[in-house]
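A closer look at the structure
This is what each chain is made of:
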Amino acid sequence: MPDTRRRRAVCAAAAAVVAAPAAIAPPGAWIGAVVAVVAMATAILRRPLGPVAPVLAAGLVAGLSLVTDAVHPGPQGLVMLWFPVEFAAMLVLAGRVIRRAPVRQAALVGSALALALMVLPLRFTLLLPQAVLEPSVVAVAMAMFPVACAVGVGLYLRGQDNQRARAVQRARREQRLDVGRDLHDFVAHELTGILLEVQAAQVSAYDEEENS
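Below is a short write-up of the structure.

With that settled, consider the pattern of salt bridges. Using the criterion set out here, one finds 2 salt bridges in the structure. Where Arg-99 meets Asp-161, a salt bridge forms, and the shortest distance between an N and an O atom there is 2.8 Å. Placement of Arg-99 in helix 4 (residues 83-100) and of Asp-161 in helix 7 (residues 133-211) is noted, with a sequence separation of 62 residues between them. The class for Arg-99 is partly exposed, based on a relative accessible area of 24%. Taking relative accessible area as the criterion, Asp-161 reaches 21% and is therefore assigned partly exposed. Note that Arg-164 is salt-bridged to Asp-161, the shortest N-O span being 2.3 Å. With Arg-164 and Asp-161 both in helix 7, this residue pair falls 3 residues apart, about one helical turn. Linked by salt bridges that have partners in common, Arg-99, Asp-161 and Arg-164 make up one network.

Encoded structure:
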């Protein structure tokens, strides 16, 4: 619980810092601040939308970013200020989803986040006053490297987690087998002793009848 409160406090402070320039930015730039704050909050908080699963929240961030790419009016004022925040937050979400989400969800939401990350620079390059194709191509190519790193780190950590889980399962299975063998040996030893005592008692009873 204290950790949750600390995360919320950090998130609130960071959101205030990130959103502050929107007060002096043109109205068209506010959407960039909103998306950046939402992406950052989703990356910092474990359950930013309450009952909504973290992987679904990450998918909503990817969708929100893609919709913003489609409707954004272009670079105005301080809009580029929020680009690094949104990009970094979605990188964190991509790595986290690929590492921890179930396979299908990781593939779907991870792909959506990767796509949103790679087309994010186009939100600005395609709407420049004298837009040409070269800056957009360069921007997408530059975005691919950190995206590939985030995906690679997520896959590597997912593999490590799977190896640890399999190792724990093997250790538990071996422990259960050891306990079963020990229990079998103990029960077999006790049963053998009981049978020997019963047989001895029967022989003793038979000898008393013989003697009589």
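All right, on to a positive patch on the surface then. Judged by side-chain charge, Arg-166, Arg-170, Arg-172, Arg-173 and Arg-176 come together as a positively charged surface patch. Positionally, Arg-170 belongs in helix 7. The class of Arg-170 is partly exposed, set by a relative accessible area of 43%.

Criteria and thresholds
Per chain, the residues get numbers from 1 upward, laid out in the order the sequence is written. Reporting in this predicted model follows two pLDDT cut-offs: at least 70 for local features of residues, and 80 or more for side-chain atom pairs to be given and counted; totals over whole chains, interfaces and linings ignore these cut-offs and use all residues. With hydrogens and water excluded, all non-hydrogen atoms of the structure serve as input to the side-chain values. Salt bridge, as applied in this entry: a Lys or Arg side-chain nitrogen positioned within 4 Å of an Asp or Glu carboxyl oxygen. Numbering of helices and strands runs from the N terminus, with a helix taken as a DSSP run of H or I at least four residues long and a strand as a DSSP run of E at least two residues long. Only protein chains enter the accessibility calculation, which uses a 1.4 Å probe; a residue is then buried when its area is under 20% of its type maximum, exposed when over 50%, and partly exposed in between. Patch membership requires more than 30% relative accessible area and the absence of a salt bridge. Residues of like charge join within 9 Å; the nonpolar side chains Val, Leu, Ile, Met, Phe, Trp and Tyr join within 5 Å. Residue burial considers only the protein chains on display, and all accessible areas are found by Shrake-Rupley using a 1.4 Å probe. In this tally, Lys and Arg are treated as positive and Asp and Glu as negative; His is ignored, and so are the chain termini. All charge positions are set by atom: Lys at NZ, Arg at CZ, Asp at CG, Glu at CD.

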